[in-house]
Amino acid sequence: MARGTAHIGKETYTTRLEIGAHTLVGDEPERNGGKNAGPAPYDFLLAGLGSCTAITLRMYADRKQWPVDAVDVDLHLTHADDGSTVIRRTLTITGAVDATQKARMAEIAEKTPVTLTLKAGLRIDTVLA
């Protein structure tokens, strides 16, 4: 399905990531002792959710032949009043689409693959090489 590797040497927190055919850099902000050379881990989590949401909604609008000009996904990882971690996702859908079509796209956003994975939880099996 998907595959990636992460490598960190002695460089404080700067991490080289190989995800498929793409090389990325992850880091921590300076306030956490990093060099801010790339997104922090939670930033990558939001990037995955945001790209999955935008791509899925673009595919849906194209399939329905709806005149969607753009989909913007604003994400904010925060804490709810009860102390739990929550992602606030705000969709901005532009184009000649009506309120019913926008509401349907919001329903579809709740069913994107990454959304469903995050909501269901994910088993992680760790082994030593």
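About the criteria used
For every chain, the first residue of its written sequence is number 1, and the numbers climb from 1 along that sequence. Where local features are concerned, this predicted model is filtered to residues with pLDDT of at least 70; where side-chain atom pairs are given and counted, the filter is 80 or more; whole-chain, interface and lining totals use all residues. The side-chain numbers reported here are obtained from all heavy atoms of the structure, hydrogens and water having been left aside. Using only the protein atoms, space was sampled on a 1 Å grid; points where a 1.4 Å probe fits but cannot get out form cavities, open sets with protein on both sides within 12 Å along at least five of seven lines form pockets, and lining residues are those with an atom within 4 Å of a point. Grid points are joined across faces, edges and corners, and a volume is the space filled by probe spheres set on the points. Helix and strand assignments come from DSSP, with helices taken as H or I runs of at least 4 residues and strands as E runs of at least 2, each series counted from the N terminus. Any residue that is not Ala, Val, Leu, Ile, Met, Phe, Trp, Tyr, Cys, Pro, Asp, Glu, Lys or Arg is counted as polar, Gly included; the first ten are nonpolar and the last four charged. A pair of strands is labelled paired if DSSP reports no fewer than 2 bridges between them. Between N-to-C directions, angles span 0 to 180 degrees; the directions come from axes that are lines fitted to C-alpha atoms, helices contributing only their stretch in contact. Put simply, angles under 35 degrees are roughly parallel, angles over 145 are roughly antiparallel, angles from 65 to 115 are roughly perpendicular, and the rest are oblique. Left-handed describes a crossing whose near helix is turned anticlockwise from the far helix through less than a right angle; right-handed describes the clockwise counterpart. We call two residues in contact when some of their heavy atoms are within 4.5 Å. Definition of nonpolar core: a set of buried residues of the types Ala, Val, Leu, Ile, Met, Phe, Trp, Tyr and Cys, connected through side-chain atoms within 4.5 Å. Accessibility here uses a 1.4 Å probe with only protein chains present; expressed as a share of the type maximum, an area under 20% marks a residue as buried, one over 50% as exposed, and anything in between as partly exposed.

Caption draft 1: Expanded view of the layout of surface pockets. Looking at the largest pocket, its volume works out to about 1100 Å³. Residue lining of the largest pocket: 31 residues in total, with Ala2, Arg3, Ile19, Leu45 and Leu122 positioned closest to the centre. Those elements giving two or more residues to the lining of the largest pocket turn out to be strand 1 (4–7), strand 2 (15–19), strand 3 (22–26), helix 1 (41–64) and helix 3 (113–120). For the lining of the largest pocket, the element with the most residues is helix 1, which contributes 6 residues. A volume near 190 Å³ is recorded for the second largest pocket. If you trace the second largest pocket, you find it lined by Leu49, Ile87, Arg89, Glu110, Thr115, Leu118 and Lys119. Only strand 5 (85–95) and helix 3 provide two or more residues apiece to the lining of the second largest pocket. Ranked by the residues each element gives to the lining of the second largest pocket, the list is headed by helix 3, at 3 residues. Here the residues of the lining of the second largest pocket sort into 3 nonpolar, 1 polar and 3 charged.

Caption draft 2: Spotlight on the sheet that holds strand 1. The sheet built from 3 strands is open, its strands ordered 1-2-3 with antiparallel pairing. Among the strands making up the open sheet, the edge pair consists of strand 1 and strand 3. For this sheet, the mean angle separating the axes of adjacent strands, direction not counted, is 20°. As paired strands, strand 2 and strand 3 are joined by 5 bridges and run antiparallel to one another. Looking across to strand 3, one finds that Glu18 is bridged to Thr23.

Caption draft 3: Region of the structure containing the packing of helix 1 against helix 2 (residues 99–109). The contact between helix 1 and helix 2 brings their axes to 10 Å, and the two run at 135°. Regarding the angle of helix 1 to helix 2, the classification is oblique. As for how helix 1 packs across helix 2, the hand of that crossing is right-handed. Counting all contacts with helix 1, which are made through Thr53, Thr56, Leu57, Tyr60 and Ala61, the residues of helix 2 involved are Arg104, Met105, Ile108 and Ala109.

Caption draft 4: Expanded view of the nonpolar core. By size, the foremost hydrophobic cluster in this structure holds 11 residues: Leu57, Tyr60, Ala61, Trp66, Val68, Val71, Ile93, Val97, Met105, Ile108 and Ala109. At the level of elements, helix 1, strand 4 (68–79) and helix 2 are the ones that each hand at least two residues to this core. Non-local contacts of Ala61, meaning those with residues more than four positions away in its chain, are made with Trp66, Val68 and Met105.

Caption draft 5: Structural detail: the packing of helix 1 against helix 3. The contact between helix 1 and helix 3 brings their axes to 7 Å, and the two run at 135°. As summarised for this structure, helix 1 and helix 3 are arranged oblique, according to the angle between their axes. For the pair formed by helix 1 and helix 3, the contact residues are Leu45, Gly48, Leu49, Cys52, Thr53 and Thr56 on the first element and Pro113, Val114, Thr115 and Leu118 on the second. Across the contact of helix 1 with helix 3, the residue classes break down as 6 nonpolar, 4 polar and no charged.

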